[in-house]
Structures are given as C-alpha cells and as structure tokens.
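# Structure assessment
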Amino acid sequence: MWVPTLDGVSSSRSDGGVLRTPCTAACSASTDAIGPVMANKFNSGDSRTRSSVSIFIVAGLCCFFYLLGAWQRSGFGKGDSIALEMTKSGANCNILPNLNFETHHAGEAGIIDDSDSKVTVYKPCHPRYTDYTPCQDQRRAMTFPRENMIYRERHCPSQEEKLHCLIPAPKGYVTPFPWPKSRDYVPYANAPYKSLTVEKAIQNWIQYEGNVFRFPGGGTQFPQGADKYIDQLASVIPIKNGTVRTTLDTGCGVASWGAYLWKRNVIAMSFAPRDSHEAQVQFALERGVPAVIGVLGTIKLPYPSRAFDMAHCSRCLIPWGVNDGLYMKEVDRVLRPGGYWVLSGPPINWKVNYKAWKRPMEELQEEQRKIEEAAKLLCWEKKTEIGEIAIWQKSMDTDSCRAAQENSGAEFCKSEDADDVWYKKMEQCITRNDIANSDDVPGLKPFPERLYAVPPRIASGAVSGVSVEEYLEDNKLWKKHVNAYRKINRIIDSGRYRNIMDMNAGFGGFAAALQSPKLWVMNVVPTIAEKNTLGVIYERGLIGIYHDWCEAFSTYPRTYDLIHANGVFSLYKDKCDFEDILLEMDRILRPEGAVIFRDEVDVLVKVKKMIGGMRWDSKMMDHEDGPLVPEKILVVVKQYWVGNSTSSQ
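The rules behind each value
- Residues numbered from 1 in each chain as written.
- Predicted model: local features only at pLDDT ≥ 70, side-chain atom pairs only at ≥ 80, totals over all residues.
- Heavy atoms only, no water.
- Patch = residues over 30% accessible without salt bridge, like charges linked within 9 Å, V, L, I, M, F, W, Y side chains within 5 Å.
- Areas by Shrake-Rupley, 256 points an atom, 1.4 Å probe, with all protein chains shown as cover.
- Salt bridge = Lys/Arg side-chain N within 4 Å of Asp/Glu carboxyl O.
- Helix = DSSP H or I, 4+ residues; strand = E, 2+ residues; numbered from the N terminus.
- Buried < 20%, exposed > 50% of the residue type's maximum accessible area, 1.4 Å probe, protein only.
- Pairing = 2+ DSSP bridges.
- Axes fitted to C-alpha atoms, helices over the stretch in contact; angles between N-to-C directions.
- Contact = heavy atoms within 4.5 Å.
- Phe/Tyr/Trp six-rings, centres within 6.5 Å; stacked < 30°, edge-to-face > 60°.
- Lys NZ or Arg CZ within 6 Å of the ring centre and 35° of its normal.
- pLDDT = per-residue confidence, 0-100.
- Expected span 1.5 Å × (residues − 1).
- Core = buried A, V, L, I, M, F, W, Y, C linked by side-chain atoms within 4.5 Å.
- Parallel < 35°, antiparallel > 145°, perpendicular 65-115°, else oblique.
- Left-handed = near helix turned anticlockwise from the far one by under 90°.
- Nonpolar A, V, L, I, M, F, W, Y, C, P; charged D, E, K, R; others polar.
- Disulfide = S-S within 2.5 Å.

Together, Phe-56, Ile-57 and Leu-61 give the surface a local cluster of nonpolar side chains, amounting to about 340 Å² of exposed area. Relative to the helices and strands, Phe-56 resides in helix α2 (residues 47–72).

So, on to the pairing of strand β13 (residues 389–394). Along a regular strand, successive side chains alternate from one face of the sheet to the other. Burial of β13 is extensive: six of the six residues sit out of reach of the surface. Burial of the side chains of β13 extends over both faces: Ile-389, Ile-391 and Gln-393 are buried on one face and Ala-390, Trp-392 and Lys-394 on the other. Looking at chain direction, strand β11 (residues 335–344) and β13 are connected through five bridges and run antiparallel. Paired with Ser-344 across the bridge in β13 is Ile-389. Two elements, strand β12 (residues 380–386) and β13, share six bridges in a ladder whose sense is antiparallel. Directly across from Ile-386, in β13, lies its bridge partner Ile-389.

Before going further, it helps to examine the pattern of salt bridges. Overall, the coordinates contain 34 salt bridges when judged by the stated rule. Glu-372 is the salt-bridge partner of Lys-382, the closest N and O atoms lying 2.6 Å from each other. With Lys-382 in strand β12 and Glu-372 in helix α14 (residues 361–377), this pair connects stretches of sequence that are ten residues apart. For Glu-372, a relative accessible area of 26% translates into the label partly exposed. A salt bridge links Asp-625 to Lys-480, with the shortest nitrogen-to-oxygen separation between them at 2.7 Å.

With that out of the way, let us pick up the sheet that holds β13. Strand order across the open sheet formed by seven strands is β9-β8-β7-β10-β11-β13-β12, with mixed pairing between neighbours. Here the strands that pair on one side only, and so sit at the sheet edges, are β9 (291–293) and β12. Strand after strand, the sheet turns through a mean of 20 degrees between neighbouring axes, direction not considered. On the sheet, helix α9 (residues 226–234) packs against β10 (308–314), β11 and β13 and is oriented at approximately 45 degrees with respect to β13. Against the sheet, helix α12 (residues 322–334) engages β7 (246–250), β10, β11, β12 and β13, with an angle of about 140 degrees to β11.

For the coordinates displayed, the defined rule picks out 21 aromatic pairs. Taking 5.3 Å as the distance between ring centres and 80 degrees as the angle between the ring planes, the aromatic pair formed by Tyr-129 and Tyr-132 counts as edge-to-face. Here Tyr-129 and Tyr-132 have matching classes, each one buried. Among the aromatic residues, those joined into a cluster by ring pairs are Tyr-188, Tyr-208, Phe-213, Phe-215 and Phe-283. Taking NZ or CZ as reference, Arg-498 lies 4.4 Å from the ring centre of Trp-262, over its face. Directly above the aromatic system of Phe-578 lies the positively charged group of Lys-606, at a separation of 4.6 Å from the ring centroid.

Attention now moves to the environment of Leu-582. Tracing the backbone through its elements, the reader meets Leu-582 in helix α21 (residues 578–588). C-alpha of Leu-582 to C-alpha of Met-610: the two residues are 28 residues apart in sequence and 8.4 Å apart in space.

Our focus in this paragraph is the confidence of the model for the protein. Considering every residue of the protein, the mean pLDDT works out to 84; 80% of them sit at 70 or more. For residues 72–115, every residue scores under 50 in pLDDT, and the model assigns this stretch 95 contacts once sequence neighbours within four places are set aside.

Another point: helix α17 (residues 468–488). Spanning 21 residues, α17 covers 31 Å between terminal C-alpha atoms, matching the ideal 30 Å at 1.5 Å per step. Three or more residues of α17 are buried, namely Tyr-471, Asp-474, Asn-475, Trp-478, His-481, Val-482, Ala-484, Tyr-485 and Ile-488.

Read from one edge of the open sheet, seven strands run β16-β15-β14-β17-β18-β20-β19, paired in mixed fashion. Only two strands of the sheet have a single partner each, and these edge strands are β16 (543–547) and β19 (616–621). Between one strand and the next, the sheet's axes are offset by a mean angle of 20 degrees, whatever the strand orientation. Summarising the sheet, strand β17 (residues 560–566) and strand β18 (residues 589–600) pair through six bridges and their orientation is parallel.

Let's shift gears to the nonpolar core. The biggest cluster of nonpolar side chains holds 138 residues, and the ones touching the most others in it are Tyr-303, Trp-320, Trp-341, Phe-569, Leu-582, Met-585 and Phe-597. The greatest single-element share of this core, amounting to seven residues, is contributed by helix α22 (residues 601–611). When near neighbours in sequence (up to four residues on either side) are disregarded, Phe-569 contacts Phe-578, Ile-581, Leu-582, Met-585, Phe-597, Asp-599, Val-603 and Val-607. Judged by nonpolar contacts, the second largest core, of ten residues, contains Val-186, Ala-191, Ile-206 and Ala-279.

Attention now goes to the packing of helix α13 (residues 350–357) against α14. The contact between α13 and α14 brings their axes to 9 Å, and the two run at 130 degrees. Of the possible angle classes, the one that applies to α13 and α14 is oblique. Seen along the crossing, α13 lies across α14 with a hand that is right-handed. Touching Trp-350, Tyr-354 and Trp-357 of α13 are Met-361, Leu-364, Gln-365 and Gln-368, all from α14. Tallied by class, the residues present in the contact of α13 with α14 amount to five nonpolar, two polar and no charged.

So, about the state of the cysteines. Working definition of a disulfide: a covalent bond connecting the sulfur atoms of two cysteines. Within this structure, the stated rule accounts for six disulfides. One disulfide bridge connects Cys-135 with Cys-156, the sulfur atoms lying 2.0 Å from each other. Looking down the S-S bond of the Cys-135 and Cys-156 bridge, the torsion is 110 degrees, so its handedness is right-handed. Of this pair, Cys-135 sits in the loop between α5 (106–110) and α6 (138–141) while Cys-156 is found in the loop between α6 and α7 (181–184), placing the two residues 21 residues apart along the sequence. Assessed through its relative accessible area of 1%, Cys-135 is described here as buried. The exposure class assigned to Cys-156 is partly exposed, which follows from its relative accessible area of 25%. A sulfur-sulfur distance of 2.0 Å marks the disulfide that ties Cys-313 to Cys-316. Between Cys-313 and Cys-316 the disulfide shows an S-S torsion of about -95 degrees. By sign, it is left-handed. Judged by its relative accessible area of 2%, Cys-313 falls in the buried class.

So, about the packing of α21 against α22. Packed helix pairs are specified by the crossing angle of their axes together with the interaxial distance, meaning the distance between the axes. α22 packs onto α21 with a crossing angle of 60 degrees between their chain directions and a minimal axis gap of 11 Å. The orientation of α21 relative to α22 falls into the category oblique. The crossing of α21 and α22 is right-handed. Counted together, Phe-578, Glu-579 and Leu-582 of α21 and Val-603, Lys-606, Val-607, Met-610 and Ile-611 of α22 form the full contact between these two elements. Residues belonging to the contact of α21 with α22 are distributed by class as follows: six nonpolar, no polar and two charged.

Right, let's get into unusual backbone geometry. For the peptide bond that leads from Pro-346 to Pro-347, omega is 5 degrees, which places it in the cis range. Summarising the element assignment, Pro-347 is placed in the loop between β11 and α13. In this model, Phe-447 is joined to Pro-448 through a cis peptide bond whose omega is 15 degrees. Tracing the backbone through its elements, the reader meets Pro-448 in the loop between α15 (398–407) and α16 (456–459).

Structure below.
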C-alpha cells in the first residue's frame, strides 16, 4: 500500500508491516545486484574486505531510509489529512529531493544570525478575535470622523497595538464546500451571523437552513435572481464574447452578482465596507467569490488606472453626484476606454419609484441631474435606461474627448503616475488616458486570448525596463515553476483550493499558469515592488490589488485556501518584521490551507525556524533545477485547530 509522506516522496508498506520508501526498495535491489558484480571484479587478496565495506555502506543507507520512513509516519494528527494528500508525489526518488543547504550553500547559511536558537511559540488569541480585521477594527473605526466614510477606511494598528498570537477558528469550523456548491451554500459554523437573513429576507440575499446558509442568488435590485439581471445587462453589454472580462462591483453585498458572472467567464473584484451588514464580504469569500473590505471614501481605490472592463453599482448607496462627481471620477480612472458603468437603483427611474423609496421627488431629480452632468464631462455615453437600470460607456476616442473636456474647462490631474494610489487622496480632477495609440501597440484581445497575448502596457514600453522578450520569458518561467508545484502538491488545481493569493505577483505568471474555472487568484503587487505591474495583470484578464505587507490585508480571517509567497521575505527583509508578515499569513489562511514559499535559502531558513512555533507543518525542498540553485521552496500546511484548543486537533 502506498502511503504519502511530508517530503513529497511516497512510502510503501511491506507484507510484514515494515515501512519502506521507494528509495529503500531501490537500495535493496542495489544490494542484490552489487554482490555478484563485486565478486567478479575483485580477485585480489583484499577483495573480500572491499566487498564487505561496500555492502556495509549500502546496508547502512537502507537502514537510514527505513528509520526515516518510520519517523515520517509517526505523530500525525487530524490537521495533516490534507498535508498527506498534498505531498503525495509518486515513487520517483529524484523529484525535489530533501534540501541539503549546509552542503551546497554553506556561505549563505553561515551568515544567518542564529544566536537565539529558541523557537518562539505563538499562543492562540482570545476567541473574541475570531473575526478580527486589524485595519478595519470596529472599535478603532469609531474614533475617526464619519464624514465621507473616513471611519470605514483603512486604519491599521500601531506596532505596539499589533497582536502577537494566532487567530482561532470558531468552534465547529469546517472546510468550505467545493465550487460550484459553495456559491449557494456556506457552513453556518464558519460565519455564524444571522442578521442578514432577517434584514434582507424579502430580497433573497441569504437564508438560514439548518447548519448552512443558502444563497438563492437574489439582491436588492434583483430579487428574482442574478442570472436574469445579468441577462438584462448582456442585452446591451458584450458579456458573452470575452470583451468584458474584469469587473468592479462597488458595495457588493454578499457578491451574488460576481458569483453568477463567473460561469460567463467574467471575474468581478467586489468590495464592501465592514459595517452594520455584518460579514457580507466574509460571506462572499466563504462562497468562493473574490472580494475585499473596502469603501469609496477619501482615498483612491487600490487598483491601477484603466483596469476594468465594467464597473457596477446595484443600490450600493454611494452618493455618486456629490462633490462634483468625485466618486465617478475615481471610477473613470480605473475604467478602460470603451468600458461600461452600470447603475441600478436610486435615483434611476425616480419618477416612478420616489414614493416606494420614500424620498422627495425633487431630491432624486437633482441627484440624477448631477450624475448625468458628471457623466457628460467624463465623455461617458448613455447607452440605455431600462426600468431602474442605466448603462453608460466610456469613450474610446480619447483625443476628441480631451478636446471637449478642455473646452468645458475641466481640470486634469497633474500627477504623472495615475497608478500611484496607495493611501493617496482622491482628487477633483480627470485622469488622462495617456496610452499609446498606434498600429505597433495592439488593443486588448478578448478573453481567454488576452491571458497570453502581449499586454498593451508591455508593448508600449509603459513598464520601464521590461521588453516583450522579457515578458514572454517570464511566462515560460512560471509555467515551469507551476509544473514543479504540481509535482509537490498534486491537488493544487483539483478544486481543493478555490481562493488563492499570490503575495508578490509580478506579471501574474503564477495565476496565468494556474488558470482554471475551479479557482481564482488574488494577485497582490506590493507597494514597494521594483516595478508596478498590476496594470499588466489586469490587461491579462486577471485581478489583483496593491498592498503593503507591513500591514494587514483587507480581508477577514480564514479566507484563502492557498498562499504563494515568491520573494516576499527578501523584498521586506529591511522593511518590517518577518513575524508580522507570517502572523498575517496565518490569519488569512484557512485551517488545513497551504503556503508555498519561494525565496533565497538564507531567508527561508529564518522563516522555517519562525513557523516552528505557529502550528504549521513544513518541508524545505530544492529548486526544480537542482540543489546547486540557491533559491529554495518551503511548503507549509496549517494544522486544524479551533478556539479554546490548547493544542492542534
């Protein structure tokens, strides 16, 4: 019987119950073959001695592998059921052998400060922190001004306020259902909040049924279901042919719009604040739908310019007309030329609905007037208004649009980098759509063709220092890396991992190589990355976000199944504590979730030592090109445990 082990090499059990690795079996075969060969070869007086020494060495190696196999099969608990399956990689002894960095990289390993050999053991946080979101903490939020939603923006704890413990899962926590069942059902124990089932009962958002929540697919503006609502949009917007791939859902609720767009090969980046609608973003992520905690307040959205094919607001309660259309100007920044903006709900069709909305007719009329005025200034053409749905399209003719805007006295943003947005205030100005328009710079291809087509930002040279050839080589490299990951973790694209994060995404090569309807990847481009590549990622038809890993990510705990960390710790080596990054990774990783680190050996040695106290099982492996490459791979599986546990369960 084959038994998986944590070093990525399968083991076998003999009839007598002795655990033998495939390498052990090879050793046995070698012993049988070596004896006759050596007897024939050595006829001198000392041949017997040499033969005995050789057999002794081989026998010693066999004993070593025997003991290694026995050790690897001892002491596994409930949380390692996924680890066992994850690391099953067949009987090939040469696939990613054990790391031996002392031999190959003594120089690098020798510089590590290991003066304190004691491993810090991190204790569980109090159960009240089960759903802790450090940068959107409710108590801290209430100390900030409420105007313009400032109190709902990111407000992260100081270094002294940070927790140095492990966020517990709630009692009864289970692995979410696989997609597509997860779209419709979420285990109650994972997010035990019933308030929305009462508040949104007539709108078909969410229903409580026994030990699960059911999501019928309804919404405030589409109580009959998201599918029928999307069909209405598709009568105007080219959703079916791959022209529309990336969308932004502002004020997403439980993200049913994004959930039902998925089967049409459209991916939505959904966001909503952490407010009185408890856990709406948490429900979205438990369903397997991309979402982050966020709000349109005073700070620019953490996305690049010209990122989305469509933006959407379904009764999202955002005051679009205020401040001379400030929020519409921010949507214009992230919307591609030719992209669509959908607004459903107030004030659209106010003449019919003002009584039902219980708002003065004059107020709604003025609100829509301001929206129409701002849309005209932004060169958005109104394509349709059907019932409570209005759709605008951003102009493709940037030159004529700019001329019209200049004639109207519009103010253009002075910043030369429209993608420099991290903690930057929104501005009362229009972002220039300065993108090369020539026959040498092709436009976006329909999806999925655009996934591997050369993105316009690369073709135009907008990413400094990156040629088309370098971009294509990067794609080849990541196909190779991901193939190596598949040998380590054979269930990586089986559907077991739905929500995946790449902490240092580069050009999105990891996500592109993994592309599958069974999963999605949140491509994070660190704010301190050498090159700003998030715009390229969106031009490939993928999604992502800017983030500084010295701070907590804008998500709930336990929202990602698999995290990929390529060069993250080398990047942040002199910027912030590794401990803070690792504890944040633990916060957002599900129990029995996995992490793949890829970094320099000296960095990973330090990381491996630190995670020894975090209830993670880990294994260091060589680079796929062999042990002489200083870059290594560290594979981790988070143990299963819940609140009030004194040890892993």
